[in-house]
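# Close look at the chain arrangement
Residues per chain are reported as follows:
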Amino acid sequence: MYTLVNVYIRLYPYKMDKLCLNCSKTIIGRADKKFCSSYCRSAFHYEQKGQQTNLVRRVNYILKKNRDIISKLNPKGKTRVSKTTLLTKGFNFNYFTNIYRTKNEHEYRFCYDQGYIEWEDGSCTLVVKQEYVE
Ligand SMILES: [Zn+2]
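Residues numbered from 1 in each chain as written. Predicted model: local features only at pLDDT ≥ 70, side-chain atom pairs only at ≥ 80, totals over all residues.

### Brief notes about the overall build of the chain
When you go through the chain residue by residue, the secondary structure sums to 2 helices and 7 strands. Looking at the 134 residues of the chain, the share that counts as buried comes to 16%. For the chain, the share of sequence-separated contacts (at least 6 apart) that also reach a separation of at least 24 residues comes to 36%. (Helix = DSSP H or I, 4+ residues; strand = E, 2+ residues; numbered from the N terminus. Buried ≥ 20, exposed ≤ 12 C-beta atoms within 10 Å, placed from the backbone. Contact = placed C-beta atoms within 7 Å.)

### Observations regarding the sheet that holds strand E7 (residues 123–128)
Pairing between sheet strands relies on hydrogen bonds along the backbone, with the strands arranged either parallel or antiparallel. In spatial order, the strands read E3-E7-E6-E5-E4; together these 5 strands make up an open sheet with antiparallel pairing. Whereas interior strands pair on both sides, the edge strands pair on one side only; in this sheet they are strand E3 (78–82) and strand E4 (98–101). Neighbour to neighbour, the strand axes of the sheet diverge by 30° on average, direction disregarded. Where strand E6 (residues 114–118) lies against E7, 5 bridges are found, and the strand directions are antiparallel. Following the sheet pairing, Ile-117 is matched in E7 by Thr-125. (Pairing = 2+ DSSP bridges. Axes fitted to C-alpha atoms, helices over the stretch in contact; angles between N-to-C directions.)

### Some words on helix H1 (residues 38–73)
In this model H1 runs 53 Å from its N-terminal to its C-terminal C-alpha over 36 residues, within 8% of the 52 Å that 1.5 Å per residue would give. All buried positions along H1 are accounted for by Asn-66, Ile-69 and Ile-70. In the core, the buried residues of H1 are packed alongside helix H2 (83–88), strand E5 (107–111), E6 and E7. (Expected span 1.5 Å × (residues − 1).)

### Describing the environment of Ile-69
Note that Ile-69 resides in helix H1. Apart from the residues lying within four places of it in its own chain, the contact partners of Ile-69 are Leu-86, Lys-89, Gly-90 and Phe-91.

### Some remarks on unusual backbone geometry
Even without a glycine there, the phi angle at Ser-24 is positive, about 65°. When you line up the elements, Ser-24 lands in the loop between strand E2 (15–18) and H1. Positive phi outside glycine occurs at Glu-105, with the angle close to 65°. Counting through the fold element by element, Glu-105 comes out in the loop between E4 and E5.

### With respect to the pairing of E5
Sheet analysis places E4 next to E5, joined by 4 bridges and oriented antiparallel. The residue bridging Arg-101 from the neighbouring strand is Glu-107, located in E5. Note that E5 and E6 share 3 bridges and pair antiparallel. Bridge pairing in E6 links Phe-110 to Gly-115. Hairpin connection from E5 to E6: 2 residues lie between these consecutive antiparallel strands, with Tyr-112 at a positive phi of about 60°.

The structure is reproduced here in structure tokens:
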């Protein structure tokens, strides 16, 4: 991701040049400027917005895929499968929408309405939201 902090470069012993966030050219003018030109300012913001959109799209895709994998494996609302089964289908354990902790410290992770809990033996119980989440 981008940093919003300008890079400075020491070109002379007595002076630091501030570099444009977009093109890294020296910024001339007011000390609070972040870009060398209005072109660079809009190009940077346009690009950044696109990057964020792509990130959101990628994460949404993973979450939806996770949800679909659970829901297909769990048509009855509760079942137990191996973690390997989920991984084979392309399940990504790093992404989920929320966590539900039971009184006895069990942790269910959800992708929208479809959830699972991992057990130490390498299996997962798949559940559907209404039973476990307020
Ligand atoms: Zn620039």
